[in-house]
Amino acid sequence: MTPAAPFGTVLTAMVTPFREDGSVDLDGVQRVAKHLVDHGHDGLVVSGTTGESPTTTIAEDAETLAAVRDAVGDRARIVAGIGTNDTRATVELAQQAEKTGADGLLLVTPYYNKPGQRGILEHFRTAAAATDVPVMLYDVPGRTGSGIGFDVYREAIGWDTVVAVKEAAGDLPRGTRLIDLGYAVYSGDDALNLAWLAHGAVGVVSVGGHVAGDLLRTMVDAAAAGDLITARQTYARMLPAIDAVMGVPNYGATTAKAALELLGVLDNRRVRQPLVALDEDEVAVLREGLTAAGLL
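Residues numbered from 1 in each chain as written. Predicted model: local features only at pLDDT ≥ 70, side-chain atom pairs only at ≥ 80, totals over all residues. Heavy atoms only, no water.

1. Overview of the UniProt feature "site: Part of a proton relay during catalysis" (unreviewed entry) in the chain
Consideration 1: Per the UniProt annotation, the sites labelled "site: Part of a proton relay during catalysis" (unreviewed entry) are Thr 49 and Tyr 112. For the residues just named, distributed over 64 residues, the greatest C-alpha separation is only 14.2 Å, placing them together at one site.
Consideration 2: Positionally, Thr 49 belongs in the loop between strand S2 (43-46) and helix H2 (58-72).
Consideration 3: Accessibility expressed as a relative area gives 35% for Thr 49, which makes it partly exposed.
Consideration 4: Relative to the helices and strands, Tyr 112 resides in the loop between strand S4 (104-108) and helix H4 (117-129).
Consideration 5: With a relative accessible area of 75%, Tyr 112 lands in the exposed category. (UniProt positions renumbered as here; feature names shortened; annotations may be inferred. Helix = DSSP H or I, 4+ residues; strand = E, 2+ residues; numbered from the N terminus. Buried < 20%, exposed > 50% of the residue type's maximum accessible area, 1.4 Å probe, protein only.)

2. Things to note about the UniProt feature "binding site: pyruvate" (unreviewed entry) in the chain
Consideration 1: Mapped onto this numbering, the UniProt entry gives "binding site: pyruvate" (unreviewed entry) at Thr 50 and Val 205. A maximum C-alpha distance of 11.0 Å places the annotated residues, which cover 156 residues in sequence, within one compact spot.
Consideration 2: If near-sequence neighbours (up to four positions away) are discounted, Thr 50 is found in contact with Ala 13, Met 14, Val 15, Thr 16, Val 207, His 210, Gly 252 and Ala 253.
Consideration 3: Within the secondary structure, Val 205 sits in strand S8 (residues 203-206). (Contact = heavy atoms within 4.5 Å.)

3. Quick word on helix H12 (residues 280-292)
Consideration 1: The terminal C-alpha atoms of H12, which comprises 13 residues, lie 18 Å apart, in line with the 18 Å expected from a rise of 1.5 Å per residue.
Consideration 2: Burial in H12 covers these residues: Val 283, Leu 286, Gly 289 and Leu 290. Projection of H12 onto a plane perpendicular to its axis shows the buried side chains occupying an angular sector of 125 degrees, all on one side. For H12, exposure combined with an orientation more than 90 degrees from the buried face picks out Glu 280, Asp 281, Val 285, Glu 288 and Ala 292.
Consideration 3: Where H12 begins, the capping side chain belongs to Asp 279, and its oxygen is found 3.1 Å from the backbone nitrogen of Asp 281.
Consideration 4: Within two residues after H12, Gly 294 carries a phi angle of roughly 75 degrees, on the positive side. (Expected span 1.5 Å × (residues − 1). Arc of directions from axis to C-beta. Polar contact = N/O pair within 3.5 Å; in protein donor to acceptor, adjacent residues only side chain to side chain.)

Structure below.
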């Protein structure tokens, strides 16, 4: 890790495993965390969207974060997802994450209620001021229904705690401008990881990293060393897995958990409603993609 990459360079937005009764499986949480750190990761995102944060409670988020910290110690930076569409709840999550030992906070734009840019700015300001923990803003308008305007970015970089952006809006030229403003930019889109690295991103926040962590590490390190041939070859090898993980309508937690089940890291692929677990036909397509990438 370098100062330019405040949360590491290879991160995955971790799934949250569940027991048969629907409760959080903390043993499973620790198995996933150890698996990721053993396979190329120097950072983890806990209780993000892939962790099914819209369906987990504040108390469950604390337990999950503590379990991950216990599992990996100081082997990886841990970023806690705190984004909600209720600023009060976001502040509570931020303060809880600080007490539980998070190294960073992931702050997404409020979803569904779609505040304007002034509302987004004030939401970010309130959340960022609630702790001394470094913040990664998260722009993913395809999920939230609203994006972060450049004027918001310009103001937020002046706050002490805001240091990074997880970019999942696909705006590569703007990403270059964000780097010029002083942000550490992370790719938040597996399909664009190589493009973001070529545009100056310091690292990735992945979903496919649940199964392709070693390949991500090779690609990120090669890009950082200026070896774009190796980076491109590694990216090309990963493409069948990326397509498979992102290729069903309810991708994310569902495909990542099924992939971990195929690898034997988890013994099930349970999710919380309104998500539904992959059916056998979807698992077969996933298996084919992972096999084509040499991951099974």
